[in-house]
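Observations on the three-dimensional arrangement
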Amino acid sequence: MFHRWGPCTLLGFSLLMAVATSDVVGMTRGDWYVTGALTVTGYALQLWRGAAGAPSRPAPSPASIVHYALRWAVGFVLTWLNPFFAFYAAVGYFDAERLLPARLVKPGLFVTAVTMAGSQSGGLPPDGELGWGVFGGLLAVNVALLTVFAHLAAQEEQRARDAAATIVELERTNAALQQAMDENAALHAQLLLQAREAGIADERRRLAAEIHDTIAQGLTGIIAQLQVVENAQENGDRALAGQHLGRAADLARHSLGEARRSVHNLSPSPLEHDRLPEALKKTVAAWAERTRTRADFTVTGTAEHLHDEIEATLLRIVQEALSNTARHAHATRLGVTLSFMGDEATLDVRDDGRGFDPLATVKRTGSGGFGLDGMRARAERVAGSLTVESEPGGGTAVSARVPLVRHEH
């Protein structure tokens, strides 16, 4: 709206100011004839520009260059006749970049500055050396202001371009982010499915290991006790038979309780009322009494209250190691050592049995259990490790190392 109607409005205002100040400025009749003709020319130029259908943001063209030059000439002459026509001539500051190509913008602004400096110095032509000096100073000030504002305008334009580029980049980033979110949603659904399947498999392994550590070991002990009962009955020793029948019943009740706890994922019964060292000590003593094998339990370091999962893991490893020793080793002596060392706990089970070759492939049978693989899996489940050292005729040593994770109070 300003570029379309502003020049006409400013030309009219300048004409009114010229009429009001004509006597002060000293305009003659001839000056008024020229002023009237140029005023009509100025309006005609603006109407011609509008009739040509100039767009709101025109690109510089030969017609726009002619329009700017003619308008400047009209404004220059009018300002020569009356300085108040500088209001009209100032339009050249505002649309130089719209009407002129880049190479002519600075010359166009400069000639407009000449017109404005002439008006500010009291009119053209300057009067005497002082007038020319004032005119030159005002021209320098106008050019300096043009330079400053042109620099600020260039910076603002650069910021606008940077902002536009940033918006484009943000749109691209948002599109990429949305795509990534869609992919993550699909991946999340896949991971949930895999986690569910892994959880099911882990729970099956846990239940299998628990059943092996409870029912299978209990049944093995019961079978052993019943074999003693059978031998005692054949020898007529009813007291010994009754004693081992009682032990078999105790083992059956204990195995039943352990099976129930395994189903409900509770701690092993020895850990219900005792901490790990006491539970291991009682487990080793009960095994020694049942197998009539010398067994010693030792604790080294400062005993600490470990996390329930860590204690359950170490207890199950000892139970499995004792079961393996009773079934395969034919040992006469066994030692269990629980050590607390810095940031880890170690458990060592050593016997003087007949040993075996750890590198030999073990044939699995229908009566086989989890054995060493089960113990190793238990240790690795809590970020630990398990090593086995053995040789035929040289006994066996099982060592489990787990992180010392303290109990959560």
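Computed from a predicted structure; not experimentally measured.

**Observations regarding helix 7 (residues 102-120)**
Taking 1.5 Å per residue, 19 residues should reach 27 Å; helix 7 reaches 28 Å between its end C-alpha atoms and fits that length. Phi for Gly 122, located one or two positions after helix 7, is positive at around 110°.

**Some remarks on the packing of helix 10 (residues 276-291) against helix 11 (residues 308-329)**
In contact at an axis separation of 10 Å, helix 10 and helix 11 are set at 15° when each is read in the N-to-C sense. In terms of orientation, helix 10 and helix 11 fall into the roughly parallel class. The element helix 10 and its partner helix 11 pack so that their crossing is right-handed. Here Leu 276, Leu 280, Thr 283, Val 284, Trp 287 and Thr 291 of helix 10 come into contact with helix 11, specifically with Glu 311, Leu 314, Leu 315, Val 318, Gln 319, Leu 322, Thr 325 and Ala 326. Residue classes in the contact of helix 10 with helix 11 are distributed as nine nonpolar, four polar and one charged.

**Structural notes on the side chain of Arg 71**
Tracing the backbone through its elements, the reader meets Arg 71 in helix 3 (residues 62-81). Taking relative accessible area as the criterion, Arg 71 reaches 7% and is therefore assigned buried.

**What about unusual backbone geometry?**
Within the chain, Arg 292 stands out as a residue other than glycine whose phi angle is a positive 55°. Relative to the assigned elements, Arg 292 resides in the loop between helix 10 and strand 1 (294-300). For Arg 292, a relative accessible area of 63% gives the class exposed. The backbone phi angle of His 330 is positive, close to 55°, even though this residue is not glycine. Within the secondary structure, His 330 sits in the loop between helix 11 and strand 2 (333-341).

**Considering the pattern of salt bridges**
Opposite charge on two side chains lets them pair, provided their charged atoms get close. A complete count under the given rule lists 11 salt bridges for this structure. For the salt bridge of Arg 71 with Asp 95, the shortest nitrogen-to-oxygen distance reads 2.7 Å. In this pair, Arg 71 sits in helix 3 while Asp 95 sits in the loop between helix 5 (91-94) and helix 6 (96-99), placing the two residues 24 residues apart along the sequence. The exposure classification of Arg 71 matches that of Asp 95, with both residues buried. Here Arg 406 makes a salt bridge to Glu 304, at a shortest N to O gap of 2.6 Å.

**Regarding the environment of Val 77**
Relative to the helices and strands, Val 77 resides in helix 3. For Val 77, a relative accessible area of 33% corresponds to the partly exposed category. As for Val 77 and Val 34, which are separated by 43 residues in sequence, their C-alpha atoms are 9.0 Å apart.

**Details of helix 3**
Taking 1.5 Å as the rise per residue, helix 3 with 20 residues should run 28 Å; its terminal C-alpha atoms sit 29 Å apart, in good agreement. Those residues of helix 3 that fall on the buried side of the exposure criterion are Ser 64, His 67, Tyr 68, Arg 71, Val 74, Gly 75, Leu 78, Thr 79 and Leu 81. Buried residues of helix 3 fall within an arc of 155° about the axis and therefore sit on the same side.

**With respect to the sheet that holds strand 1**
Strand order in the open sheet formed by five strands is 1-2-3-5-4, and the pairing between neighbours is mixed. Looking at the sheet topology across the chains shown, the edges are occupied by strand 1 and strand 4 (385-390). Averaged over neighbouring strand pairs, the angle between their axes works out to 10° when direction is ignored. Sheet strands in contact with helix 10 are strand 1, strand 2 and strand 3 (344-351), and its direction is about 170° off that of strand 1. Packed on one face of the sheet, helix 11 meets strand 2, strand 3, strand 4 and strand 5 (396-403) and runs near 10° to strand 3.

Conventions we followed
Residues numbered from 1 in each chain as written. Predicted model: local features only at pLDDT ≥ 70, side-chain atom pairs only at ≥ 80, totals over all residues. Heavy atoms only, no water. Helix = DSSP H or I, 4+ residues; strand = E, 2+ residues; numbered from the N terminus. Expected span 1.5 Å × (residues − 1). Axes fitted to C-alpha atoms, helices over the stretch in contact; angles between N-to-C directions. Parallel < 35°, antiparallel > 145°, perpendicular 65-115°, else oblique. Left-handed = near helix turned anticlockwise from the far one by under 90°. Contact = heavy atoms within 4.5 Å. Nonpolar A, V, L, I, M, F, W, Y, C, P; charged D, E, K, R; others polar. Buried < 20%, exposed > 50% of the residue type's maximum accessible area, 1.4 Å probe, protein only. Salt bridge = Lys/Arg side-chain N within 4 Å of Asp/Glu carboxyl O. Arc of directions from axis to C-beta. Pairing = 2+ DSSP bridges.

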